[in-house]
Amino acid sequence: MSAASREQWTGRRGFVLAAIGSAVGLGNMWRFSYLTAEKGGAAFVLLYLLFTALVGLPVMLAELTIGRGAQRSPIQALAHYGGSAWKPLGGVFVASGFLILSYYGVIAGWTVRYAGDALLSGFPTDPGAYFAEVSEGWDSFVYALGFMGLTVFVVSRGIRGGIERAASVMMPALFALVIGIAIYAATLDGSGGGYAYYLNVDFAKVLDWDVIVAAAGQAFFSLSLGMGAMLTFASYLSRDHDLPSESLMIAVSDFGVAFLAGFMVFPLIFALGLQGDVMGADTGTVGALFIALPKAFATMGDAGRVVGLCFFVALIVGGLTSAISLLEVVVSAAMDGFGWSRRNAALVMGVAIALLGLPASHAIEFLDAVDTLANNVFLIGGALGLSIFTGHVMRDPVAAARGGSKSAGWTSVWLPLLRYVVPIVLITVLAVSVPGAWDKLAALF
Ligand code: TRP
């Protein structure tokens with residue numbers, strides 16, 4: 001598609017909501033909560049906030065700058081500014097999109113199943129057995145397929161008619177649900193222990209490499225960074241957008257929803273005395289929350305059924321607007337690279353990704369290992385490549401980032417962060433995270 005006929009967002013609100021829709025997802029609610037529980041509470045949250053501000057935000061602005069400047073999908077955009085030697089990095093981005101969406105769709109499928117069953121028959125009395133049935137096997141695959149169908153539908157309707165419209169309806173609904181549940185959780189007896197766990201920092205854990213690496217991976221995952229998703233969304237932007245302030249709005253909203261999710265989950269877990277089920281290295285696993293929360297909802301009777309349904313609906317809504325952005329990366333690459341129509345690209349790639357999810361839908365250890373690999377290696381590696389590209393290869397990135405920005409304070413911090421701080425942090429994190437991810441993968445075979 002030529003630059004002149006490229007699709008465009010309707011404006012600032014449309015773009016920012018879609019980008020927040022991408023950022024806010026299962027990562028903020030399910031992944032953030034389970035990692036916080038597994039990695040020791042507030043210490044993890046503090047590190048995650050630090051990575052979001054110091055590393056995530058500069059990379060966010062880099063992605064938006066390249067996308068808007070090039071008006072192309074990731075592979076072509078990198079080639080536009082850096083020559084074809086940079087195409088492989090774009091290829092890694094698209095591959096990450098494939099990989100992440102393949103298991104993201106599986107987890108989103110579980111949330112659809114939970115919400116549907118909660119609506120029709122209430123929460124199960126034996127949530128452990130229920131989760132085993134939901135998460136591993138053909139049921140899991142079929143629900144993932146259904147969820148992917150929804151994702152394909154929205155993406156094939158395009159930027160304005162599909163993605164932007166979906167986000168502008170669903171994001172306000174998600175905010176309302178999350179705030180409502182957090183307020184409800186505060187009214188429960190015994191919720192205090194949850195706040196204490198969530199907010200008191202254990203400083204010994206701030207220095208634990210395992211916690212540090214997990215927090216870095218989570219910051220990128222949650223902000224949808226490191227694989228060109230934000231870059232792709234920004235390629236549908238016009239020159240007059242104020243990218244630094246829009247980056248900040250996206251990052252603040254994303255952190256805000258994750259932080260609020262903790263205010264739903266931890267008071268609830270503590271009020272029902274279920275902390276033993278989710279906290280600590282051996283119980284804190286990918287599936288723990290999918291067992292503990294339904295247990296809590298089932299114990300709480302009718303109120304639990306309503307609150308639980310709202311909780312899973314929020315997960316579905318967040319998951320869908322995020323899955324859309326993952327698919328859009330792959331679809332825009334196929335449109336630009338192969339000249340496919342949007343509809344064909346969405347359909348073919350959606351089916352291919354759903355099939356790739358087959359192993360993750362049958363074995364949760366596999367899903368967990370792919371999640372660790374994608375986040376702690378691919379996204380961090382991708383963000384490293386992107387920061388070097390923007391900081392050291394691209395000519396005058398500050399001018400490209402400026403566009404419609406009236407503020408100037410960011411200009412003196414952004415480039416030094418991107419050039420030196422971000423790469424040093426990311427190389428360190430990679431050195432620690434690659435062996436860990438490798439061990440997890442090797443353990444499968
Ligand atoms: N950020 C989303 C979440 O928190 C997931 C997601 C969407 C994503 N697009 C992405 C993660 C691109 C990494 C890269 O659930």
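Just so we're clear, the structure is a prediction, and the values are computed from it rather than from any experiment.

### Description of the overall build of the protein chain
In terms of regular secondary structure, the protein chain is built from 21 helices and zero strands. Taken over the C-alpha trace, the protein chain has a radius of gyration of 21 Å; the compact-globule value for 445 residues is 22 Å, and the two agree within 12%. Considering only C-alpha atoms, the protein chain reaches an extent of 60 × 45 × 45 Å along its principal axes. Expressed as a percentage of contacts within the protein chain between residues at least 6 apart in sequence, the contacts between residues at least 24 apart total 85%. Accessible surface, the protein chain as shown: approximately 16000 Å² in total, 67% of it carbon and sulfur. Mean positive and mean negative side-chain charge positions of the protein chain (23 and 27 charges, respectively) differ by 14 Å.

### Things to note about the packing of aromatic side chains
Given two aromatic rings, one states the distance between the centres and the angle between the planes to describe the pair. The final tally for this structure, using the stated rule, is 34 aromatic pairs. Aromatic pair Trp-30 and Tyr-34: ring centres 5.5 Å apart, planes at 35°, arrangement tilted. Here the residue Trp-30 and the residue Tyr-34 both occupy positions in helix H2 (residues 26-38), the gap between them amounting to four residues, near one helical turn. Each member of the pair Trp-30 and Tyr-34 is classed as buried. Here the aromatic cluster, defined as three or more aromatic residues joined through ring pairs, consists of Phe-32, Phe-44, Tyr-48, Tyr-195, Tyr-197, Tyr-198, Phe-255, Phe-259, Phe-263, Phe-266 and Phe-270.

### So, the site of the ligand
Around the ligand, the structure places 16 residues, and the nearest of them are Ala-23, Gly-27, Tyr-104, Phe-221 and Ser-224. At 2.8 Å from an oxygen atom of the ligand is found a main-chain nitrogen or oxygen belonging to Gly-27. Contact between the ligand and Ser-224: a nitrogen atom at 3.0 Å from a side-chain N or O atom of the residue. Surface burial for the ligand is 100%, taken as the share of its 360 Å² of free accessible area covered by protein chains. Cavity membership is defined here by more than half of the atoms lying within 2 Å of grid points; on that basis the ligand lies in the largest cavity. Residue assignment for the shell around the ligand shows that the elements contributing at least two residues are helix H1 (12-23), H2, helix H11 (209-222) and helix H16 (301-338). Of the residues assigned to the shell around the ligand, the class counts are eight nonpolar, eight polar and no charged.

### Let's talk about the environment of Thr-36
Position of Thr-36 relative to the elements: it lies in helix H2. Under the relative-accessibility criterion, Thr-36 is labelled buried at 0%. For the pair Thr-36 and Gly-318, spaced 282 residues apart in the sequence, the C-alpha separation amounts to 19 Å. Separated by 2.7 Å, the side chain of Thr-36 and the backbone oxygen of Phe-32 make a polar contact.

### Some remarks on a nonpolar patch on the surface
Side chains of Phe-338, Trp-340, Leu-347, Val-348, Val-351 and Leu-355 sit close together on the surface and give an oily, nonpolar patch of about 580 Å² of accessible area. Per element, the largest residue contribution to the nonpolar patch is four residues, and it comes from helix H17 (residues 342-356). The residue Leu-355 is located in helix H17 in this model.

### Topic: empty space enclosed by the protein
Tallied over the full model, the rule gives six cavities of 30 Å³ or more. Taken as a whole, the largest cavity spans an internal volume of roughly 150 Å³. Taken together, 18 residues make up the lining of the largest cavity; nearest its centre are Ser-22, Phe-221, Ser-224, Ser-322 and Leu-326. Only H1, H2, helix H5 (87-121), H11 and H16 provide two or more residues apiece to the lining of the largest cavity. Considered class by class, the residues forming the lining of the largest cavity number 10 nonpolar, eight polar and no charged.

### Side note on the pattern of salt bridges
Overall, the coordinates contain 11 salt bridges when judged by the stated rule. Close ionic contact of Arg-113 with Glu-133 constitutes a salt bridge, the shortest N to O distance being 3.1 Å. Of this pair, Arg-113 sits in helix H5 while Glu-133 is found in helix H6 (residues 127-135), placing the two residues 20 residues apart along the sequence. Owing to a relative accessible area of 8%, Arg-113 belongs among the buried residues under this scheme.

### Points about helix H3 (residues 42-70)
Taking 1.5 Å of rise per residue, the 29 residues of H3 would be expected to cover 42 Å, and the 40 Å separating its terminal C-alpha atoms lies within 8% of that figure. Along H3, the sharpest change in direction is near 40° and occurs at Gly-56; proline Pro-58 comes one to four residues later. The buried fraction of H3 is high, at 22 of 29 residues. Phi turns positive one or two residues past the end of H3, at Gln-71, with a value near 55°.

### What to know about unusual backbone geometry
Even without being glycine, Ser-224 reaches a positive phi, approximately 60°. For Ser-224, the position within the fold is in the loop between H11 and helix H12 (229-234). The backbone phi angle of Asp-396 is positive, close to 50°, even though this residue is not glycine. Topologically, Asp-396 is positioned in the loop between helix H19 (364-393) and helix H20 (397-402).

### So, the packing of H2 against H3
The geometry of H2 relative to H3 is characterised by a closest axis approach of 7 Å and an angle of 130° between their N-to-C directions. With respect to their mutual orientation, H2 and H3 come out oblique. Contacts from Phe-32, Leu-35 and Thr-36 in H2 reach Phe-44, Val-45 and Tyr-48 in H3. Of the residues that constitute the contact of H2 with H3, the class distribution is five nonpolar, one polar and no charged.

### Quick word on H19
With 30 residues, H19 should reach 44 Å at 1.5 Å per residue; the first-to-last C-alpha distance of 40 Å fits that figure. The sharpest bend along H19 comes to roughly 30°, located at Ala-374. For H19, a buried count of 23 out of 30 residues is recorded, marking the element as mostly surrounded by other parts of the structure.

Conventions we followed
Residues numbered from 1 in each chain as written. Predicted model: local features only at pLDDT ≥ 70, side-chain atom pairs only at ≥ 80, totals over all residues. Heavy atoms only, no water. Helix = DSSP H or I, 4+ residues; strand = E, 2+ residues; numbered from the N terminus. Rg over C-alpha atoms; globule rule 2.2 N^0.38 Å. Contact = heavy atoms within 4.5 Å. Areas by Shrake-Rupley, 256 points an atom, 1.4 Å probe, with all protein chains shown as cover. Lys, Arg positive; Asp, Glu negative; His and termini not counted. Charge placed at Lys NZ, Arg CZ, Asp CG, Glu CD. Phe/Tyr/Trp six-rings, centres within 6.5 Å; stacked < 30°, edge-to-face > 60°. Buried < 20%, exposed > 50% of the residue type's maximum accessible area, 1.4 Å probe, protein only. Near = heavy atom within 4 Å. Polar contact = N/O pair within 3.5 Å; in protein donor to acceptor, adjacent residues only side chain to side chain. 1 Å grid on protein atoms, 1.4 Å probe; cavity = no way out; pocket = protein on both sides within 12 Å on 5 of 7 lines; lining within 4 Å. Sits in = over half its atoms within 2 Å of the grid points. Nonpolar A, V, L, I, M, F, W, Y, C, P; charged D, E, K, R; others polar. Patch = residues over 30% accessible without salt bridge, like charges linked within 9 Å, V, L, I, M, F, W, Y side chains within 5 Å. Salt bridge = Lys/Arg side-chain N within 4 Å of Asp/Glu carboxyl O. Points joined across faces, edges and corners; volume = space filled by probe spheres on them. Expected span 1.5 Å × (residues − 1). Bend = angle between axes of the 7 residues up to and from the residue. Axes fitted to C-alpha atoms, helices over the stretch in contact; angles between N-to-C directions. Parallel < 35°, antiparallel > 145°, perpendicular 65-115°, else oblique.

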